[in-house]
Amino acid sequence: MTDERTADRSTTDDRVLWVTGGGSGMGAAAAQVAARSGWRLVLSGRRTERLEAVAAGIRAEGGTADVLPLDATDPEAVTAARDTLLERHGRIDGLVLSAGLNSRRRRWDDQSMTDLRAVIDTNLTAVVQVVDAALPALRRSGGVVVVVSSYAGWSSQPGAGVAYSASKTALGPVVRTLNQQEAQHGVRATHLCPGDVATDFLEQRPSVPDAAARAVMLTPEDVGRAIGFVLCAPAHVRIDELVLSPVSQH
């Protein structure tokens, strides 16, 4: 006789999760958590060697992971990656969109328009492009989307910068419209807003936090577990927005 836990696992074993920014930080942590819950992973990002390392770790634990290098700011590359994913796996049941960018020059008095466009292209336009490309498959599966935004996308954080704050704040309406318009197909999305997380992303700050500052931040694994919670929610449950903060963040 099959117990309830085994039955639940069997329903996820064929589900395919596409993770952008999957080679490091929160994307990698989310991929590892999802793999332990039975998802088949497709990892995308610009750095193939990092993707391969994450995939190898997942496979070593008995999970399934495929590597699909991608610059998500390139519309044609996104379409080609979607087609390749569907050729290999036949379906898309979930997206975790965690690729992000900021610039050290982020204030009105020192920013460059080139950097600003790059930040917005990565944090906003690329997210919409991947969702748009995957949406027909997500409609068929009643899929789940987790958009990894930022505390700055939930509450004004002047230090985050002009481009970063604008791009992350815009993800809120992206998720809300997706939920409003695609609920009829069972598609559900979450605007995930983590506070300070101790990842390599901190190297992009004008003043890089030291070890003591990082010690009280969230870890990538903290965020990965939160994403895992969203991914494993029943199909009738939608988590519209989720904010995670370290206790030290005001």
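This write-up is about the structure you can find in this document. In this text the structure is predicted, and so the values were computed from the model without any measurement.

**Some remarks on the overall build of the protein**
1) Next: Each helix and strand in the protein was counted, giving eight helices and seven strands.
2) Next: Here the C-alpha atoms of the protein give a radius of gyration of 18 Å, agreeing with the 18 Å that 2.2 N^0.38 yields for 250 residues.
3) Next: For the protein, the spread of C-alpha atoms along the three principal axes comes to 65 × 40 × 35 Å.
4) Next: Looking at the protein as a whole, 49% of its 250 residues are labelled buried.
5) Next: Restricting the contact set of the protein to residue pairs at least 6 apart, pairs at least 24 apart contribute 69%.
6) Next: For the protein, the distance from the average position of its 26 positive side-chain charges to the average position of its 29 negative side-chain charges is 1 Å.

**Things to note about the pattern of salt bridges**
For side chains of opposite charge, pairing can occur when their charged atoms come near one another.
1) Next: Within this structure, the stated rule accounts for nine salt bridges.
2) Next: Between arginine 36 and glutamate 61 there is a salt bridge; the shortest N-O distance is 2.9 Å. Of this pair, arginine 36 sits in helix α2 (residues 25-36) while glutamate 61 sits in the loop between α3 (48-60) and β3 (64-67); the two residues are 25 residues apart in sequence, bridging distant segments of the chain.
3) Next: The class of glutamate 61 is exposed, set by a relative accessible area of 53%.
4) Next: Here aspartate 66 ties to arginine 88 by a salt bridge, and the two come within 2.9 Å at their closest N and O atoms. Of this pair, aspartate 66 sits in strand β3 while arginine 88 sits in helix α4 (residues 75-89); the two residues are 22 residues apart in sequence, bridging distant segments of the chain.
5) Next: On the accessibility criterion, arginine 88 (47% relative accessible area) is partly exposed.

**A look at the sheet that holds strand β5 (residues 144-148)**
1) Next: Read from one edge to the other, the open sheet built from seven strands follows the order β3-β2-β1-β4-β5-β6-β7, with strand pairing classed as parallel. Lying at the two open borders of the sheet, with one neighbouring strand each, are β3 and β7 (241-244). Along the sheet, successive strands turn relative to each other by an average axial angle of 15 degrees, direction set aside.
2) Next: Relative to strand β2 (residues 40-44), strand β1 (residues 16-20) is paired through five bridges, and the arrangement is parallel. Residue pairing across strands places tryptophan 18 opposite valine 42, the latter belonging to β2.
3) Next: Against the sheet, helix α5 (residues 113-141) contacts β1, β4 (94-97) and β5, and its axis sits at roughly 175 degrees relative to β4.

**What about the nonpolar core?**
1) Next: One finds Leu17, Leu41, Leu43, Ile58, Val96, Ile227 and Leu231 to be the most contacted residues of the largest nonpolar core, which totals 32 residues.
2) Next: At the level of secondary structure, the elements contributing two or more residues to this core comprise β1, α2, β2, α3, β3, β5 and α8 (220-231).
3) Next: No other element matches the six residues that α2 contributes to this core.
4) Next: Excluding residues that lie within four positions of it along the chain, valine 96 makes contacts with Leu17, Trp18, Val19, Thr20, Ala30, Val146, Val148, Ile227 and Leu231.
5) Next: Listed in part, the 29 residues of the second largest apolar core include Trp18, Leu70, Ala72 and Val78.

**Topic: the pairing of β5**
1) Next: Buried residues dominate β5, accounting for five of its five residues.
2) Next: Side-chain alternation along β5 places Val144, Val146 and Val148 on one buried face and Val145 and Val147 on a second face that is also buried.
3) Next: Bridge count for β4 against β5 is four bridges, and the pairing is parallel. Considered in β5, the bridge of leucine 97 is made with valine 147.
4) Next: Since β4 and β5 lie parallel, the crossover through α5 that links them has a hand, and here it is right-handed.
5) Next: Looking at chain direction, β5 and strand β6 (residues 188-194) are connected through five bridges and run parallel. Residue pairing in the sheet places valine 144 in a bridge with arginine 188 of β6.
6) Next: On the question of chirality, the crossover connecting β5 to the parallel β6 by way of helix α6 (residues 162-182) is right-handed.

Conventions used here
Residues numbered from 1 in each chain as written. Predicted model: local features only at pLDDT ≥ 70, side-chain atom pairs only at ≥ 80, totals over all residues. Heavy atoms only, no water. Helix = DSSP H or I, 4+ residues; strand = E, 2+ residues; numbered from the N terminus. Rg over C-alpha atoms; globule rule 2.2 N^0.38 Å. Buried < 20%, exposed > 50% of the residue type's maximum accessible area, 1.4 Å probe, protein only. Contact = heavy atoms within 4.5 Å. Lys, Arg positive; Asp, Glu negative; His and termini not counted. Charge placed at Lys NZ, Arg CZ, Asp CG, Glu CD. Salt bridge = Lys/Arg side-chain N within 4 Å of Asp/Glu carboxyl O. Pairing = 2+ DSSP bridges. Axes fitted to C-alpha atoms, helices over the stretch in contact; angles between N-to-C directions. Core = buried A, V, L, I, M, F, W, Y, C linked by side-chain atoms within 4.5 Å. Right-handed = clockwise from strand over helix to strand, strands pointing away.

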